[in-house]
Amino acid sequence: MKVLHSGTLAVSAGGPAMSTYLTLKGLRQLGLDAQLIMGTLKEGDNMRGDDVPIHYVKSNPMTPLGFAPSFKRDVLGLGDYDIYHAQGVWQWNTYALASAARQCGKPYLITPRGMLYPQDIKKSNAFLKKLSLKLRLLNDLNEAACVHVTCEEEMKHCRDLGIVSPIAVIPNPVEIKDYPYQKEDGVRRIGYLGRVSRRKNIEGLIEAFHELGSEAEDAELLIIGGGDKDYERELHGLVTKYHLTNVRFTGFLTGEEKDKALASCSVLTIPSEFENLGNVVLEGLVRGIPCIATTGSPWKELQTHYCGWWIPYTQADITNAVRSALNATEEELQTMGQNGRKLMEERYRMEAIAEKMKSLYEWILGSGEKPDFVYF
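Residues numbered from 1 in each chain as written. Predicted model: local features only at pLDDT ≥ 70, side-chain atom pairs only at ≥ 80, totals over all residues. Heavy atoms only, no water.

A.B. asks: Report on the overall build of the protein chain, specifying residues and quantitative values.
C.D. replies: When its secondary structure is counted, the protein chain shows 14 helices and 14 strands. Along the three orthogonal principal directions, the C-alpha set of the protein chain runs to about 65 × 40 × 35 Å. Counting over 376 residues, the protein chain shows a buried share of 54%. Restricting the contact set of the protein chain to residue pairs at least 6 apart, pairs at least 24 apart contribute 69%. Distance between charge centroids for the protein chain: 6 Å, based on 43 positive and 48 negative side chains. (Helix = DSSP H or I, 4+ residues; strand = E, 2+ residues; numbered from the N terminus. Buried < 20%, exposed > 50% of the residue type's maximum accessible area, 1.4 Å probe, protein only. Contact = heavy atoms within 4.5 Å. Lys, Arg positive; Asp, Glu negative; His and termini not counted. Charge placed at Lys NZ, Arg CZ, Asp CG, Glu CD.)

A.B. asks: Report on the sheet that holds strand S4 (residues 83–87), specifying residues and quantitative values.
C.D. replies: Here eight strands make up an open sheet; going across it, the order is S3-S2-S1-S4-S5-S6-S7-S14 and the pairing mixed. Single-partner strands in this sheet number two, and they are strand S3 (54–57) and strand S14 (374–375). Against the sheet, helix H14 (residues 350–364) touches strand S1 (2–6), S4, strand S5 (108–111), strand S6 (146–149), strand S7 (167–169) and S14, its axis set at about 130° to S4. (Pairing = 2+ DSSP bridges. Axes fitted to C-alpha atoms, helices over the stretch in contact; angles between N-to-C directions.)

A.B. asks: I'd like a rundown of the pairing of S5, residues and numbers included.
C.D. replies: Burial along S5 is two-sided: the face carrying Tyr108 and Ile110 and the face carrying Leu109 and Thr111 are both buried. Taken together, the four bridges between S4 and S5 define a ladder with parallel strand orientation. Bridge pairing links glutamine 87 to threonine 111 in S5. For the handedness criterion, the β-α-β arrangement of S4, helix H3 (residues 92–104) and S5 is classed as right-handed. When S5 meets S6, the two strands line up parallel, connected through two bridges. Each bridged residue has a counterpart across the sheet, and for leucine 109 the counterpart in S6 is cysteine 146. (Right-handed = clockwise from strand over helix to strand, strands pointing away.)

A.B. asks: Describe in detail the packing of helix H7 (residues 203–212) against helix H8 (residues 229–241), supporting the description with residues and values.
C.D. replies: Helix packing geometry: the angle between the two helix axes and the distance between the axes. Two elements in contact, H7 and H8, have axes separated by 10 Å at closest approach and are oriented at 5°. The orientation of H7 relative to H8 falls into the category roughly parallel. Contacts from Glu203, Ile206 and Glu207 in H7 reach Tyr231, Leu235, Leu238 and Val239 in H8. For the contact of H7 with H8, a count of residues per class yields five nonpolar, no polar and two charged. (Parallel < 35°, antiparallel > 145°, perpendicular 65-115°, else oblique. Nonpolar A, V, L, I, M, F, W, Y, C, P; charged D, E, K, R; others polar.)

A.B. asks: Can you tell me about the packing of H3 against helix H5 (residues 126–143), naming the residues and giving the values?
C.D. replies: Direction vectors running N to C along H3 and H5 enclose 45°, while the axes themselves pass 11 Å from each other. The pairing of H3 with H5 is recorded here as oblique in orientation. Handedness of the crossing formed by H3 with H5: left-handed. Taken together, the residues of H5 that come into contact with H3 (itself represented by Tyr95, Ala98, Ser99 and Arg102) are Ser132, Arg136, Leu137, Asp140 and Glu143. Classifying every residue of the contact of H3 with H5 gives three nonpolar, two polar and four charged. (Left-handed = near helix turned anticlockwise from the far one by under 90°.)

A.B. asks: Mind laying out the nonpolar core, listing which residues take part and the relevant values?
C.D. replies: Ranked by internal contacts, the top residues of the largest apolar core, which has 33 residues, are Ile190, Ile206, Phe209, Leu221, Ile223, Trp309 and Val322. For this core, the secondary-structure elements that each account for two or more residues are strand S8 (189–193), H7, strand S9 (220–224), H8, strand S10 (247–251), strand S13 (308–311), helix H12 (315–327) and helix H13 (330–348). Within the second largest apolar cluster, 32 residues are counted, among which are Val57, Ala101, Tyr108 and Leu116. (Core = buried A, V, L, I, M, F, W, Y, C linked by side-chain atoms within 4.5 Å.)

A.B. asks: Let's hear about the state of the cysteines: which residues, and what values?
C.D. replies: Think of a disulfide as a covalent bridge from one cysteine sulfur atom to another cysteine sulfur atom. In this structure the tally under the stated criterion is zero disulfides. Note on cysteine 158: no disulfide assigned, nearest cysteine sulfur contributed by cysteine 151 at a separation of 9.3 Å. (Disulfide = S-S within 2.5 Å.)

A.B. asks: Any chance you could break down H7 for me, citing the residues and the numbers?
C.D. replies: Looking only at H7, the buried set comprises Gly204, Leu205, Ile206, Ala208, Phe209 and Leu212. Where the residues of H7 are buried, they touch S8, S9, H8, S10, strand S11 (267–270) and H12. Just beyond H7, the residue with positive phi is glycine 213, at close to 55°.

A.B. asks: How would you summarise the side chain of aspartate 120 if you had to cite specific residues and measurements?
C.D. replies: Here aspartate 120 lies in helix H4 (residues 118–123). Judged by relative accessible area, aspartate 120 falls into the buried class, the value being 4%. Other than its neighbours up to four places away in sequence, aspartate 120 contacts Trp90, Gly114, Met115, Lys129, Arg199 and Phe274.

A.B. asks: So what's going on with the packing of aromatic side chains? Which residues, and what values?
C.D. replies: Tallied over the entire structure, the rule returns five aromatic pairs. With a centroid separation of 5.4 Å and an interplanar angle of 35°, the aromatic rings of tryptophan 299 and tyrosine 348 are classed as tilted. Here the residue tryptophan 299 occupies a position in the loop between strand S12 (291–294) and helix H11 (301–304), and tyrosine 348 occupies one in helix H13, the gap between them amounting to 49 residues. Pair check on accessibility: tryptophan 299 and tyrosine 348 agree, each one buried. Here tryptophan 363 and phenylalanine 376 contribute two aromatic rings whose centre-to-centre distance is 6.2 Å and whose plane-to-plane angle is 80°, an arrangement assigned as edge-to-face. One end of the pair, tryptophan 363, is in helix H14; the other, phenylalanine 376, is in the segment after S14, and 13 residues separate them in sequence. By relative accessible area, which is 19% here, tryptophan 363 ends up buried. (Phe/Tyr/Trp six-rings, centres within 6.5 Å; stacked < 30°, edge-to-face > 60°.)

Structural data, given as C-alpha cells:
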C-alpha cells in the first residue's frame, strides 16, 4: 500500500510533528510505503526525524494559510498513491492534497490535530478560519473517506461543526524504548514540555509556584520549549515580578539534551484549557514520569490508572495539583511512573497505533472490515 501524508516534521510544530513522524515510522515498519510531502524548514528549525521518505516543496510560511500555489502540482508530480492523508487543517497543503486526491479518483483522510476545537478557532484568525470552513474546508471534510481524531471529545466538536463523514478515533502513538538517563539530583522538579504558546497556559504554573511560596522554595519549575517570543517575554516578566528564583527556561531542546532535561523532572504538566491529546503526557509516561493534565484534555487515565492528576481547568486546581506533586513521596511517584509506563506499553505503543491506522486504510480501500473505532 502506498500512502502520501501532508504535514510537517518541524520541531517548532510541537506535538503534531512528533505524531506525524511516529505514524509514518510505524506504518513503514508494517510494510506500507508511507511518505510525507512538506514545506521547507524555517531558518533555525530542526526535524523530528529524517528516516522516513520526505518530499519538499516551496511554501511561504509568512502567509496566514501557508499559501503555496504549486503544492497540488507537486503532489500530482509524485505519481499515484493508494490513499492520501492530510495532517492538520487551515493550511493550503490540506486543501491541495484533498483536491489532488479527488483529481486522481483516490480516497483521502484529514486529521484536524485539535484545530477544530471551538477554543482553537477563536484564538487567532477567527474570521479567516470561519470563512475557510464555510467556503471550502467543511466540504473537504465531508468528502473525505474518513476524518481521524485522537479522542471522543474532538469527534463531538467535529460533529457540532457539521462534519458527517465517518470519524476514526485513534490516539497519537508513542515510541516504547529504553531511556538511558535517570534523575541525578534530589530536587522536586515540575516540568513543562511543548510549544511556548498562550493557549498552553504556562503562566498557570508560574502562578502556582508564586502562590505556594515557601512550600515550593526547594522545588523548581522547568519550562522546556519555545515558540511565541512575545508570550515568552511575558512569562519571564511574570517570573521577575514575583521574584521567583526557581523557574528555569531551556528553550527548544532535542535529542540527548531533551532526554536529560526530561529525566531530571519529577512530574510533567499540561496546564492548558484544552488539548485533543497532549503529547507531553505521552512523553512523560513512557519515561515513567507522572503527569498533571486538565480535564480539557482526554487524560482521565491519569486518574483511573493512578499515574498522575486529572484536574479541572482552574488556577486553584492547578496550584493544588502542583502542591500534591511536591508533597508526594518518592515511592508514590515511582508507583505512578511505573503505572504510566505500563499504560503506554498496553495502549499507545507506536506499533499498535500503526496497526489501527493500517486497518483503517484497508477498510477505506475495501480490503478489510470496518474497525470498531470508526463511527458514523
